[in-house]
Amino acid sequence: MTPANAALRRRVRERRSTAERTILDATKALLVDREFRDLTVEDVMALTGLTRTSFYRYFPDLEAVLLRWLSDLGDELRSTADSWLQDPSTGLEMGVEFVTLYRDHGRLLLAFEQASGAGTEIDGAWRSVIQAFTDSYTEFIVDLCRQGVSSIDRPEQTARALVGMTERYLLDIYGRGPAVEVDVAAATLAEIWQRTLFSVSVVKPPATDLATGPD
């Protein structure tokens, strides 16, 4: 490949990267005050200053734009959450970092949840992010029980409930509003998680004897 051809390819890649970033940022900006279902390609491209046909050079549809955002944010959310598993004593600090991501991208994260409810491709992608959280925290809770610092009987269901509660709470305050200060939200979640994981009072379901039935 000649130096001239290499330079041309580099410029094409840079132009493509710039255009994609512009479309991604415009989509996020528009989601601040409108629902994803109300968004159109025309709206996005009007904000970018590029032509409508330019959109389809980079993305097949708006769902693909969301999927790109989901890929980037999903990795960042998992990385932030996983850092806490290495040292639970920094729970509040981790919470601030994690909650800040929701504050900064709340409307975008809400769009993931709304689009997934419509049974789109985003459904599987968003569910995989949530499931990854549940799996990681299930293993973490099991390890706490092995160490004797927790007495949770149903680690998987506890992890599922905590992850689901955290997601709904953060989407509510940063996706729908009114917003809550990051340190307040982080402290609230830290208290719930820590009280559940480390100070749990186990409530066992009532015993039933299927073999003999009631007296």
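Residues numbered from 1 in each chain as written. Predicted model: local features only at pLDDT ≥ 70, side-chain atom pairs only at ≥ 80, totals over all residues. Heavy atoms only, no water.

**A word on the overall build of the chain**
Quick note on the threshold: Secondary structure is summarised from DSSP: a helix means a run of H or I of at least four residues, a strand means a run of E of at least two, and numbering begins at the N terminus for each. For every residue, the accessible area (1.4 Å probe, protein chains only) is compared with the maximum for its type, and the residue is labelled buried under 20%, exposed over 50%, or partly exposed between those bounds. We call two residues in contact when some of their heavy atoms are within 4.5 Å. Only the protein chains shown count as cover for residues, and the accessible areas themselves come from Shrake-Rupley with a 1.4 Å probe.
Looking only at helices and strands, the chain has eight helices and zero strands in total. Each helix and strand of the chain, placed in order from N terminus to C terminus, yields the pattern α-α-α-α-α-α-α-α. Within the chain, the fraction of its 215 residues that count as buried is 39%. For the chain, long-range pairs separated by at least 24 residues make up 66% of all intrachain contacts whose partners lie at least 6 apart in sequence. Of the roughly 12400 Å² of accessible surface on the chain, a fraction of 52% belongs to carbon and sulfur atoms.

**Considering the layout of surface pockets**
As a reminder of what qualifies: Buriedness for pockets is judged along seven lines, at least five of which must meet protein on both sides within 12 Å for an open set on the 1 Å grid over protein atoms alone, while cavities are sets there where a 1.4 Å probe fits but cannot get out, and lining residues have an atom within 4 Å of a point. Grid points are joined across faces, edges and corners, and a volume is the space filled by probe spheres set on the points. Ten residues, namely Ala, Val, Leu, Ile, Met, Phe, Trp, Tyr, Cys and Pro, are considered nonpolar, four, namely Asp, Glu, Lys and Arg, are considered charged, and the remaining ones, Gly among them, are considered polar.
Here the largest pocket defines a volume of roughly 280 Å³. Lining of the largest pocket is provided by E113, S116, D123, W126, R127, I130, Q131, T134, E156, R160, G164 and E167. Of all the secondary structure elements, the ones that give two or more residues to the lining of the largest pocket are α5 (91-116), α6 (121-147) and α7 (155-176). Among the elements that make up the lining of the largest pocket, the one with the highest residue count is α6 (six residues). Its residues assigned to classes, the lining of the largest pocket comprises two nonpolar, four polar and six charged.

**Here we look at the nonpolar core**
Applied cut-off: The nonpolar core is taken to be a set of buried Ala, Val, Leu, Ile, Met, Phe, Trp, Tyr and Cys residues, with the residues joined through side-chain atoms within 4.5 Å.
With 56 residues, the main nonpolar core has L66, Y102, F112 and F133 as its most contacted residues. Those elements giving two or more residues to this core turn out to be α1 (3-30), α2 (41-48), α3 (52-58), α4 (62-86), α5, α6, α7 and α8 (182-198). With ten residues, the top contributor of residues to this core is α5. Once you skip the residues sitting within four places of it in the chain, L66 turns out to touch L31, F36, L108, A111, F112, A115 and I122.

**A short note on the pattern of salt bridges**
What counts here: The working definition used for a salt bridge is a side-chain nitrogen of Lys or Arg within 4 Å of a carboxyl oxygen of Asp or Glu.
In this structure the tally under the stated criterion is eleven salt bridges. Between R52 and E42 there is a salt bridge, with its nearest N and O atoms 2.5 Å apart. Here R52 is found in helix α3, whereas its partner E42 is found in helix α2, with ten residues between them in sequence. Residue classification places R52 among the partly exposed positions, given a relative accessible area of 40%. R176 is the salt-bridge partner of E113, the closest N and O atoms lying 3.8 Å from each other. Note that E113 is positioned in helix α5 and R176 in helix α7, a separation of 63 residues in sequence. Look at R176 and you get partly exposed, because its relative accessible area is 42%.

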